Structures are given as C-alpha cells and as structure tokens.
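Inside the fold
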Amino acid sequence: MVVNAVGLAVFSPVDSTARVAAVVRRLADAIAVGLLADGEQLPSEADLAARLGVSTVTLREALMALRQQGMVETRRGRGGGSFVRVPAEIDPAVRLRTYAVDELRDLGDHYGAIAGAAARLAAQRSLPSDVAPLWRSIRETAAVMRPHGGASPETTGRLRRLDGRFHIEVAAASQSARLTQEEIRLQADIGPLLWLSHEARCGHDETAAQHHAIARAIEDGDGDQARALAERHVLDAIEHLIELRLGLQE
C-alpha cells in the first residue's frame, strides 16, 4: 500500500459535493496510472472511508461502481476484501481520435501550468527524501530500457507507467496535495497520449534526458529552471500530439 506523499494525496479526504463520484474518480485514477497495483488489497472499508473522509455507505456505493467498471474485485470470507483489478488499456492512437485539436491545445495549457507550478514548488520546498523518488524512477526507467529497448507492449506499458509516476512524484515533492491530485487526474486522462507523443517525437532516450534535467533543477533548488523545463516538456508533447491528430483520417 502506498504510504508516501503520493499516497497521502490518493487517500486524503474528498470534497463534500458528489462524494460517491469523487471517491470513484480518485481510486479509478490511482488504478489507471499504476499507483494502485493489479491485485493489491485496499484498506478495510472502515479504514478507507476514514482516510477519504466519507461514510462507509458512501464508500460502499463507490466500490460497487468500481466493481461494475471492472476495477475492483471483492472477495468474501477469510482473507477477503476489496482488490484492485487493472483493466486493459485502450490504444492511445484510438483515444487520440476522441480529442479535437482545440481540446488538446486547451489540455496543454492547463497541464503545462500544473506541471510548471508543481516543479517550481518542488524546487523550493522539497527535501532530499522528496527528490529521491525522482531519481529512483529515472533509474528504473533506464533499467527497463537497457535490456529491452522498449519494443514489446509489456515494456512500453512499464515505461509509460514510470513516466507518469515520475510526474506524479514531482507534484508530490511540491508538498501540495491538490497539485498532486490534479497531476494524478491528468495522467489518468492523457498520460498514455503524452507517452505516445514522446515515443513518436523524440524516443525514450530524449524523454529520459528531459526527466533528468527536471530532477536536477529540483534538486538544485532552481525553481525557475524547473518550471521552464516541466512546462516545455509538456507543451512539446502536446504540440506533437496536435500534429499526430491532424494526420489522422476522420
């Protein structure tokens, strides 16, 4: 179970309005980006409801909705409970067709602002223990790339999840639960599309180099540089996504 700064964002109390939908979205996003692993057992209903700041009735309704979506499985009896089930991923190229060019541009503006603000605050606020997960993700990405080269679907999926995890860890290093939650939401929505753009535009090596530069600026406490690098990283990807979208036949 996630217990670090990212975990605090995933399991922090949800807003009071539309609480069932908020719980569903929070947990579904965490599952989609790999913060909750396939087969992982969720906390007990009482514990999870307390962490999310909702009633057990609200939580049970949310878990029922997640079961209907195939994202949670509930087992009865000894050793039972609620367990994560990660659904099959939709082809990013298929998802790209569902976005109009103006939607992609607007997403880029929004996400660039979020990523830039998170990176700047991370540089200003983070401790060495907050920066360590960034370097860990960079090392794990290099380890996955080295023997496989990113050719197989399984390897591509792992690299995409590591890419998303890196950006979520940057947001967590900002010490802002709201920014971290927004980063998780955006990764769930468009993370696969951003990775599609990175692969097509510059390949894994260039993406890894960009991550390294962002992590270094955060570690050095250079907020302006961290913000500029994070924004450029996102906006370059969005610009290429728009090119890819324009090249798709309707």
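Owing to the predicted nature of the structure, the values given are computational and were not obtained by experimental measurement.

So, on to the overall build of the chain. Helices and strands together make up the secondary structure of the chain, namely 11 helices and 2 strands. Traced from its N-terminal end to its C-terminal end, the chain shows the element sequence α-α-α-α-β-β-α-α-α-α-α-α-α. Since a compact globule built from 250 residues should have a radius of gyration of about 18 Å, the 18 Å found for the chain is in line with a globular shape. Seen through its C-alpha atoms, the chain measures out along the principal axes to roughly 50 × 45 × 40 Å. Going through the 250 residues of the chain one by one, you find that 47% of them count as buried.

As a further point, take the confidence of the model for the chain. In this model, the chain carries a mean pLDDT of 87, and residues with pLDDT of at least 70 account for 91%. The least confident element of the chain, judged by mean pLDDT, is helix α1 (residues 5-10) at 74; the most confident is helix α6 (residues 101-125) at 96.

In total, this model carries 17 salt bridges according to the counting rule given. Between E169 and R165 there is a salt bridge, with the nearest N and O atoms lying 3.4 Å from each other. Taken together, the positions of E169 and R165, both in helix α8 (residues 153-173) and 4 residues apart, correspond to about one turn of that helix. The class for E169 is buried, based on a relative accessible area of 6%. What makes R165 partly exposed here is its relative accessible area of 22%.

The next thing to look at is the packing of α6 against helix α11 (residues 223-247). Orientation of α6 relative to α11, taken along the N-to-C sense of each, is 160 degrees, at an axis distance of 7 Å. Our classification of the angle between α6 and α11 gives roughly antiparallel. Crossing handedness for the pair α6 and α11: right-handed. Between α6 and α11, the residues in contact are V101, L104, R105, G108, D109, Y111, G112, A115, G116, A119, R120 and A123 and G223, A226, R227, A230, E231, V234, L235, I238, L241, I242, R245 and L246, respectively. Here the residues of the contact of α6 with α11 are counted per class, giving 14 nonpolar, 4 polar and 6 charged.

Looking now at the nonpolar core. Residues Y111, L134, F166, V170, I190, L194 and I218 are the most contacted members of the largest nonpolar core, which totals 36 residues. Elements with a contribution of two residues or more to this core: α6, α7 (128-148), α8, α9 (177-201), α10 (203-219) and α11. Here the element with the most residues in this core is α6; it accounts for 10 residues. Apart from the residues lying within four places of it in its own chain, the contact partners of L194 are Y111, A237, I238 and L241. Within the second largest apolar cluster, 30 residues are counted, among which are V23, V33, L48 and A188.

End to end, helix α2 (residues 19-32) covers 20 Å across 14 residues, agreeing with the expected 20 Å (1.5 Å per residue, within 8%). Every buried residue belonging to α2 is among V23, V24, R26, L27, A28, D29, A30 and I31, and all of these are buried. Of the residues one or two after α2, G34 is the one with positive phi, at around 90 degrees.

Now for helix α4 (residues 56-68). Taking 1.5 Å as the rise per residue, α4 with 13 residues should run 18 Å; its terminal C-alpha atoms sit 18 Å apart, in good agreement. Those residues of α4 that sit buried are T58, L59, A62, L63, A65 and L66. The arc that holds every buried residue of α4, seen down its axis, measures 155 degrees, which confines them to one face. Of the exposed residues in α4, the ones pointing more than 90 degrees away from its buried face are V57 and Q68. Among the structural elements, α2, α3 (45-52), β1 (72-75) and β2 (81-84) are those in contact with the buried residues of α4. Of the residues one or two after α4, G70 is the one with positive phi, at around 75 degrees.

Cut-offs applied
- Residues numbered from 1 in each chain as written.
- Predicted model: local features only at pLDDT ≥ 70, side-chain atom pairs only at ≥ 80, totals over all residues.
- Heavy atoms only, no water.
- Helix = DSSP H or I, 4+ residues; strand = E, 2+ residues; numbered from the N terminus.
- Rg over C-alpha atoms; globule rule 2.2 N^0.38 Å.
- Buried < 20%, exposed > 50% of the residue type's maximum accessible area, 1.4 Å probe, protein only.
- pLDDT = per-residue confidence, 0-100.
- Salt bridge = Lys/Arg side-chain N within 4 Å of Asp/Glu carboxyl O.
- Axes fitted to C-alpha atoms, helices over the stretch in contact; angles between N-to-C directions.
- Parallel < 35°, antiparallel > 145°, perpendicular 65-115°, else oblique.
- Left-handed = near helix turned anticlockwise from the far one by under 90°.
- Contact = heavy atoms within 4.5 Å.
- Nonpolar A, V, L, I, M, F, W, Y, C, P; charged D, E, K, R; others polar.
- Core = buried A, V, L, I, M, F, W, Y, C linked by side-chain atoms within 4.5 Å.
- Expected span 1.5 Å × (residues − 1).
- Arc of directions from axis to C-beta.

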